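The chain contents come next:
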Amino acid sequence: MHTREGIPPCLRRPPVELEIVIPAVNEERRLPRTIESTVDYLGGQTWSSAVVVVDNDSVDCTIDVPERFDSPVTPVHVIGCSEHGKGAAVRRGIVTSTARFVGFLDADNATPIETLDKVLPLLRDGCAAVIASRHIDGSRFEVEESAMRRCGGWLFRRLTHLTLPDIADTQCGFKFFDGRLARDVAATCRVDGFAFDVELLTRMVRLGGTVVEVPVAWSDMPGSTFSARRDGIRSMADVLRISLTR
């Protein structure tokens, strides 16, 4: 089990009600707007919170962005992750958290932070995971994906249904969890790439955790680091491996 005593001193952060992890690699352009909107939203809530940017070995000025938005009400931390991959960065943020609830969102701000209005009550009611979904009733695309991304997404969803048949959308980058369970499960995950979400959710479901999807108004944002050729093939291979692992 992950404990606070096992966290290196340089990564220890005060416990809060909700901690939001933002994985980032070379995101100096998109990250400021995302942090600003997140901090503004959290500052208006009655519960304690913090933001943690996990710099995934960026070569631009990503690491300098968070300090511009740090505040006494909503601290903005930055930690590093030298292991490459979104999954590796998210995992590092989760396992070093001590928050009651912890989750992650993408640096592109594709999902409105106000979606948390639906998420927190469900977590407090005992759900293991509450995730945004672009493919359930009530969701809408504010800005559509390209035809290629839509086709790739359809195929990926078909593969994930081998492991998670009851979840419509595993890849929307807005997921939140019971903190204790997320830390324990994330520490056992091995996928470093974009299929990390599938592995994390699969392990939670196999432990009996309840995963709830909530509708979202989602926008496809320019500047994604996802490569259909490089990351898409690797992610599909990872999903197949997850489906065969018990």
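Check the entry above for the structure.
Since the structure is predicted, the reported quantities are computational estimates derived from the model, not experimental observations.

Under the criterion given, the structure shown has 3 aromatic pairs. When the ring centre of Trp 218 is taken as reference, the NZ or CZ atom of Arg 134 above it lies at 4.8 Å.

Per the stated rule, a full pass over the model turns up 1 cavity of 30 Å³ or more. Size it by volume and the largest cavity reaches roughly 60 Å³. Residue lining of the largest cavity: Thr 38, Leu 105, Asp 106, Asp 108, Asn 109, Ala 110, Thr 111, Ile 113, Gly 173 and Phe 174, and that is the complete set. Split into classes, the residues belonging to the lining of the largest cavity amount to 4 nonpolar, 4 polar and 2 charged.

Turning to the layout of surface pockets, a few remarks are in order. Its boundaries defined by the atoms lining it, the second largest pocket holds a volume of some 230 Å³. Around the second largest pocket sit 12 residues that line it, and Glu 199, Arg 203, Arg 241, Ile 242 and Thr 245 are the ones nearest its centre. Within the residue set of the lining of the second largest pocket, elements represented by two or more residues are α6 (196–206) and α7 (228–244). No other element matches α6, which puts 4 residues into the lining of the second largest pocket. Classifying every residue of the lining of the second largest pocket gives 3 nonpolar, 2 polar and 7 charged.

Let us look at unusual backbone geometry. The bulk of non-glycine residues show a negative phi, and the bulk of peptide bonds are trans. Phi at Asn 26 takes a positive value of approximately 55°, unusual for a residue other than glycine. Relative accessible area serves as the criterion here: at 38%, Asn 26 is assigned to the partly exposed category. Backbone geometry places Asp 57, a non-glycine residue, at a positive phi of 65°. Within the element layout of this structure, Asp 57 appears in the loop between β2 (49–55) and β3 (76–80).

Procedures and definitions
Residues numbered from 1 in each chain as written. Predicted model: local features only at pLDDT ≥ 70, side-chain atom pairs only at ≥ 80, totals over all residues. Heavy atoms only, no water. Phe/Tyr/Trp six-rings, centres within 6.5 Å; stacked < 30°, edge-to-face > 60°. Lys NZ or Arg CZ within 6 Å of the ring centre and 35° of its normal. 1 Å grid on protein atoms, 1.4 Å probe; cavity = no way out; pocket = protein on both sides within 12 Å on 5 of 7 lines; lining within 4 Å. Points joined across faces, edges and corners; volume = space filled by probe spheres on them. Nonpolar A, V, L, I, M, F, W, Y, C, P; charged D, E, K, R; others polar. Helix = DSSP H or I, 4+ residues; strand = E, 2+ residues; numbered from the N terminus. Buried < 20%, exposed > 50% of the residue type's maximum accessible area, 1.4 Å probe, protein only.

Taken by themselves, the reported measurements are silent on function.
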